[in-house]
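Residues per chain are reported as follows:
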Amino acid sequence: MNDMKNAVEVPAYQAKNQMMIKVIDIIIVIIAFFFILYVFVMNQNFLLKTIIGTMMVILVLVYALLKYEAKETIYEFTDTNIQRIVLLNERGAEIEEWLLEGKTSLLIGKSSSDQEVDIDLNGTEYESLINYEHAVLNCVSGLWYIEDIDSVNGVGIKKAHKRVKTSLKQENPYRLNSGDIIYIANTRILAK
């Protein structure tokens, strides 16, 4: 039942973000309309009209280019077919891997005498920063999600098409795509 709840929450969250982007775009268009109305209709200064007109054309072209590139990267990098999880060293070389075929859930952390985890990060460089039960990977309808399990040092994601790392909110599933890098404390794990 919890898996179904998680599957519904993530698309709703993405729809909310897309709606906010549309609202911001509409606000920008309204502000630009009134600015253009003032400069080109109410103002009589020819030099000001020429300078502002040139700047507006440049801004519109840059804005359109950024919107186009953003849509291209979304469609280009949304490979949801994840076959394995790979532990990376500090240079980015693969040092260990775990196959996902036939699995529905994997616990990430450190194994102990009391409990064994599916993805054991004992012996990694940042082992002291990793909880025994740090995060969990869940497969829902063929899509993989990661969730922080109330860890002390957190879980981060660097999407394949982004340059910055995003920290996950605890107990909030986040969808993984092939090429995403998971940060368990400072330990990097690649979804392939």
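The present account deals with the structure reproduced in this document. Remember, predicted model here, so these are calculated numbers, not experimental data. (Residues numbered from 1 in each chain as written. Predicted model: local features only at pLDDT ≥ 70, side-chain atom pairs only at ≥ 80, totals over all residues. Heavy atoms only, no water.)

### Some thoughts on the packing of aromatic side chains
Our working rule: In summary, the pairing rule links any two rings of Phe, Tyr or Trp, Trp by its six-membered ring, whose centres are within 6.5 Å, and it sorts them by plane angle into stacked for under 30 degrees, edge-to-face for over 60 and tilted for everything else. For the exposure calls, accessible area comes from a 1.4 Å probe over protein chains only, and a residue counts as buried if that area is under 20% of its type's maximum, exposed if over 50%, partly exposed in between. Placement of a charge over a ring requires the Lys NZ or Arg CZ to be within 6 Å of the ring centre, with the centre-to-atom vector within 35 degrees of the ring normal.
Enumeration according to the criterion identifies one aromatic pair in this entry. With centroids separated by 5.4 Å and ring planes inclined at 70°, the aromatic side chains of Phe33 and Phe34 adopt a geometry described as edge-to-face. On the accessibility criterion, Phe34 (52% relative accessible area) is exposed. Over the face of the ring belonging to Tyr132 we find Lys110, whose NZ or CZ atom lies 4.9 Å from the ring centre.

### Quick word on the side chain of Asn138
Filter applied, for reference: Only DSSP runs of H or I with at least four residues qualify as helices, and only runs of E with at least two residues qualify as strands; both kinds are numbered from the N terminus onward. In the analysis that follows, any N or O atom pair within 3.5 Å is treated as a polar contact, provided that within protein one partner can donate a hydrogen and the other can accept it, and provided that, for residues neighboring in sequence, both atoms belong to side chains. The contact criterion used throughout is that any non-hydrogen atoms of two residues lie within 4.5 Å.
Along the polypeptide, Asn138 turns up in strand β5 (residues 133–140). A polar atom in the side chain of Asn138 sits 2.9 Å from the side chain of Ser105. Dropping the residues within four chain positions of it, Asn138 is found in contact with Thr104, Ser105, Leu143, Trp144, Tyr145 and Glu147.

### Thoughts on the pattern of salt bridges
Put simply, the test is: The rule for a salt bridge is simple: a side-chain nitrogen of Lys or Arg has to be within 4 Å of a carboxyl oxygen of Asp or Glu.
All chains considered together, the criterion is met by four salt bridges. One salt bridge connects Glu94 with Arg84, and the closest N-O pair in it is separated by 3.7 Å. Here Glu94 is found in strand β2 (residues 94–99), whereas its partner Arg84 is found in strand β1 (residues 84–88), with ten residues between them in sequence. The partly exposed category is assigned to Arg84, whose relative accessible area is 21%. Two residues, Asp180 and Lys159, come together in a salt bridge whose shortest N-O distance is 2.6 Å. Taken together, the positions of Asp180 in the loop between β9 (174–175) and β10 (181–184) and Lys159 in the loop between β7 (155–158) and β8 (166–167) put the pair 21 residues apart, joining distant regions of the chain. On the basis of relative accessibility, which here comes to 1%, the residue Asp180 falls in the buried class. Salt bridges sharing partners connect three or more residues here, namely Arg84, Glu94, Glu97 and Lys192.

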